[in-house]
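Descriptive analysis of the structure
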Amino acid sequence: MLKVYNTLTGKKEKFETEEAGKVKMYVCGLTVQNYSHIGHIRSAINYDVVRRFLEYLGYQVDYISNFTDINEKIVKRAAEEDLTPAELADKYANAFLEDIREFNIKAADKYLRVSENIDQIIEMVKTLIDKGYAYEVNGNVYFSVESFEDYGKLSGRNLDEMQAGARIAVNEEKRNPLDFGLWKKVEPGDGWDSPWGEGWPGWHIECSAMSMKRLGATFDIHGGGVDLIFPHHENEIAQSEAYSGQKFVNYWLHNGTVNLSGEKMSKSQGNFFTSREVLKEFSARVIRYFLLSRHYRSPIDFAYEKLEEAQTSLERIENTRKQLAKVLSLDIDSAAENKEAEDFFEKIVKKQRAFVEALEDDFNTAEAIGVLHDLVGEINSYINQKDFSLNEKNFAILEETEEIFLELAEILGLEFELESAAAAGNDLVDPLVNLLIDLRDKARENKNWEEADLIRDRLQEIGIEVIDTSRGTEWEIKEAKDDN
RNA sequence: GGCGGCAUAGCCAAGUGGUAAGGCAGAGGACUGCAAAUCCUUUAUUCGACGGUUCAAAUCCGUCUGCCGCCUCCA
């Protein structure tokens with residue numbers, strides 16, 4: 001049974017959808033003003049796993065996200081890059097789409113853009129005014145927080161508390177300092193026509209208008225970073241529920257931040273790593289694995305040192321994947337002993353169950369990765385037995401094991417392609433290397449160690465690793481990224 | 001100031017009432033002509049401190065200490 005932690009109630013709750021078998025989820029995307037940083041990627045990877053796991057459980061998921069492509073920052077950045085705001089937004093939206101492809105994050109079913117949903121937003125603002133939840137002053141429209149009874153229910157605050165410690169700049173137009181803008185008046189030429197004059201939407205309204213347009217007045221999951229709980233998501237609830245008169249979202253999920261030396265990584269503070277610069281040092285898969293090695297609600301401290309550890313840890317899993325494939329390509333010996341294949345498979349199935357249970361408990365990827373290591377240990381122990389050999393029985397079981405293994409890894413978005421020696425090289429390289437390996441084997445047979453070692457060293461120099469195993473000599477081309 | 005969260009081995013990190021997952025590093029071993037790679041085994045009488053509840057607490061309650069987040073743009 002799937003349980004999810006809901007920020008709204010502060011508890012883990014049984015997950016039940018509005019519509020049987022379908023999950024409607026919306027994840028706050030980003031303002032497309034620059035390249036994404038690791039914090040954005042963590043969020044995207046996290047909800048990607050949520051989505052993959054829901055799909056694994058058999059749900060049909062409608063996964064929606066957004067690009068904020070209208071606001072002051074966009075205009076400012078566009079001027080800096082000598083682009084129009086639309087061009088700038090396009091550039092970074094495309095960069096983000098490239099990034100998520102790199103990280104093996106499934107694209108949303110739809111990315112909604114503010115600039116394409118202005119009509120919807122205006123209609124919503126108009127309705128909020130008509131219903132008495134919002135008011136217009138000098139071309140600006142504000143939402144009146146006092147008019148919405150439940151204001152503060154997500155972030156666990158009340159209006160009195162907040163006003164006491166308010167650090168909000170005084171704005172004479174607002175009836176209450178916590179009122180927030182639904183529509184903002186802007187310089188002629190920059191905005192869109194509206195009943196209140198030229199302007200553009202306030203930040204919060206876009207997510208409400210677009211998510212409800214696509215998913216309906218009430219939907220299942222709304223996700224984003226913890227730093228969006230207040231005011232962004234609080235305001236979304238207020239305006240959405242005021243507008244529709246219905247509950248906006250059933251489950252609010254919030255992921256922890258990525259920190260640098262204990263401090264939140266953020267664009268405004270300038271302490272961030274873009275995903276692009278990190279990708280120069282580590283593979284996307286290592287970064288993904290690292291980010292999933294901690295529970296999504298906890299903050300995670302980012303450091304290259306940690307990524308190195310993650311890389312080593314991930315390699316253990318990858319090695320098993322490779323070894324398993326090699327074992328499955330061995331010749332089957334019908335006379336071979338069975339080697340307790342059933343006991344082994346029972347353990348595998350148990351691990352599979354444990355893995356699913358970990359994710360069913362509020363998407364505990366850290367625990368799931370632990371289970372994956374357990375699984376790897378079982379496989380290694382089995383296939384590395386001294387007198388291991390393959391017969392029909394354990395071949396079938398190992399094939400099924402491989403399937404389970406790959407299926408579980410795929411829920412985490414970790415896919416292991418086999419870079420076998422044959423695939424790594426090309427038509428010319430493979431036979432040449434094989435020839436050298438043959439020569440070295442000859443030399444070894446003759447106990448001509450100098451020549452054997454010379455071949456090994458020279459191959460090493462050009463980036464080909466020679467691996468002697470009990471199954472014979474294997475080789476692979478080392479990735480350049482492993483060199484440092 | 002208000003609200004919320006966190007503190008588990010050298011490091012990273014699961015675990016929210018039943019007697020401490022997993023990874024990295026370290027140690028031992030297997031394999032090897034040697035080496036590399038790989039694999040196996042192993043590593044916390046104890047969970048920030050002090051009290052309390054309970055047959056039983058890392059888990060619940062209280063106090064304290066330290067760190068962080070939000071309250072302003074933020075994934």
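What you see is a predicted model; the values in this text were computed from it and never measured. Numbering of residues starts from 1 in each chain and follows the order in which that chain's sequence is written. Labels follow written order: the first chain is A, the first ligand is 1, and so on. At least 70 in pLDDT is required for a residue's local features to be given in this predicted model, at least 80 for side-chain atom pairs to be given and counted, and no such filter applies to totals for whole chains, interfaces and linings, which use all residues. With hydrogens and water set aside, each side-chain value is computed from the structure's full complement of heavy atoms.

Moving on to the overall build of chain A. Working definition: helices are DSSP H or I runs of at least four residues, strands are E runs of at least two. Numbering for both runs from the N terminus. Each helix and strand counted, chain A has 16 helices and 16 strands in total. Here a residue-residue contact requires only that any non-hydrogen atoms of the pair lie within 4.5 Å. Put simply, 76% of the contacts in chain A that link residues at least 6 apart link residues at least 24 apart. Exposure was quantified through the Shrake-Rupley algorithm and a 1.4 Å probe, taking into account, for residues, occlusion by the shown protein chains and nothing else. Carbon and sulfur atoms form 45% of the exposed surface of chain A, whose accessible area is close to 23,200 Å².

Take Ser-36: it is sitting in the loop between strand 3 (22–31) and helix 1 (38–56). At a separation of 2.8 Å, a polar atom in the side chain of Ser-36 contacts the side chain of Asp-99. Side-chain polar atoms of Ser-36 contact the side chain of Ser-275, separated by 2.9 Å. With residues up to four places along the chain from it excluded, the contact list for Ser-36 reads Leu-30, Ile-41, Phe-96, Asp-99, Thr-274 and Ser-275. Between N or O atoms, a polar contact is any pair within 3.5 Å; within protein, one atom must be a potential hydrogen donor and the other a potential acceptor, and residues adjacent in sequence are included only when both atoms are from side chains.

Before going further, it helps to spend a moment on the pairing of strand 10 (residues 219–225). Classification of residues uses two cut-offs on accessible area relative to the type maximum, computed with a 1.4 Å probe and protein chains only: under 20% is buried, over 50% is exposed, and between them is partly exposed. The element strand 10 is extensively covered by neighbouring structure, given that seven of its seven residues are classed as buried. Only when DSSP finds a minimum of two bridges between them are two strands counted as paired. Two elements, strand 3 and strand 10, share three bridges in a ladder whose sense is parallel. By the bridge assignment, Met-25 is partnered in strand 10 with Ile-221. As paired strands, strand 10 and strand 11 (residues 249–255) are joined by six bridges and run parallel to one another. Across the sheet, residue Gly-225 finds its bridge partner in strand 11, namely Asn-255. Look down the strands so they point away from you; if going from the first strand over the helix to the second traces a clockwise path, that crossover is right-handed. With helix 7 (residues 229–244) bridging strand 10 and its parallel neighbour strand 11, the resulting β-α-β unit is right-handed.

Attention shifts here to the nonpolar core. Here, nonpolar core means buried Ala, Val, Leu, Ile, Met, Phe, Trp, Tyr and Cys residues that are tied together by side-chain atoms lying within 4.5 Å of each other. Ranked by size, the top nonpolar core spans 88 residues in total, and within it Met-25, Leu-54, Ile-287, Leu-291, Phe-302, Phe-355 and Leu-398 carry the most contacts. Both domains that furnish three or more residues to this core are identified here as domain 1 (3–133 + 151–169 + 202–300) and domain 2 (313–411). Contacts of Phe-355, omitting those with residues within four sequence positions, involve Ala-368, Val-371, Leu-372, Leu-408, Ile-411 and Leu-412. Among the nonpolar cores identified, the runner-up in size contains 43 residues, and Tyr-151, Met-210, Leu-228 and Ala-238 belong to it. Residue ranges for the domains originate in an automatic or database domain assignment.

What the three strands build is an open sheet, ordered 13-12-14; its pairing is mixed. This sheet does not close on itself; its edge strands, each paired only once, are strand 13 (263–264) and strand 14 (300–301). Here two bridges tie strand 12 (residues 258–260) to strand 13, and the two strands are oriented antiparallel to one another. Counted as the bridge partner of Asn-259 is Lys-264 from strand 13.

In this section: the environment of Leu-292. Relative to the assigned elements, Leu-292 resides in helix 9 (residues 284–292). The sequence separation of Leu-292 and Arg-157 amounts to 135 residues, and the corresponding C-alpha distance is 31 Å. When neighbours within four sequence positions are excluded, Leu-292 is seen to be in contact with Ile-45, Val-49, Thr-365, Ala-366, Ile-369 and Leu-412.

Only the stretch in contact is used when a helix axis is fitted, and all axes are lines through C-alpha atoms; the angle between N-to-C directions ranges over 0 to 180 degrees. With their axes 9 Å apart at the nearest point, helix 4 (residues 118–130) and helix 7 run at an angle of 75° to one another. Classified by the angle between their axes, helix 4 and helix 7 sit roughly perpendicular to one another. Mapping the contact onto sequence places Glu-123, Met-124, Thr-127 and Leu-128 in helix 4 and Gln-239, Ser-240, Ala-242 and Tyr-243 in helix 7. Charged means Asp, Glu, Lys or Arg here, nonpolar means Ala, Val, Leu, Ile, Met, Phe, Trp, Tyr, Cys or Pro, and polar covers whatever is left, Gly included. For the contact of helix 4 with helix 7, the class distribution of residues is four nonpolar, three polar and one charged. Angle categories are assigned with fixed cut-offs, so that under 35 degrees is roughly parallel, over 145 is roughly antiparallel, 65 to 115 is roughly perpendicular, and the rest are oblique.

Right, let's get into unusual backbone geometry. Across the junction of Phe-230 and Pro-231, the peptide omega takes the value 0°, indicating a cis bond. Structurally, the position occupied by Pro-231 is in helix 7. Positive phi outside glycine occurs at Asp-82, with the angle close to 60°. In this structure, Asp-82 sits in the loop between helix 2 (72–81) and helix 3 (85–102). With a relative accessible area of 70%, Asp-82 lands in the exposed category.

UniProt positions are given in the numbering used here, feature names are shortened, and annotations may be inferred rather than shown by experiment. UniProt marks Cys-28, Cys-207, His-232 and Glu-236 with the feature "binding site: Zn(2+)" (unreviewed entry), using the numbering shown here. For the annotated residues, spread through 209 residues, the largest C-alpha to C-alpha distance comes to 11.3 Å, consistent with a single compact locus. Taking the relative accessible area as the measure of exposure, His-232 reaches 1% and is therefore buried. Excluding its chain neighbours within four sequence positions, the residues that come into contact with His-232 are Cys-28, Trp-203, His-204 and Cys-207. Locating Glu-236 in the fold gives a position in helix 7.

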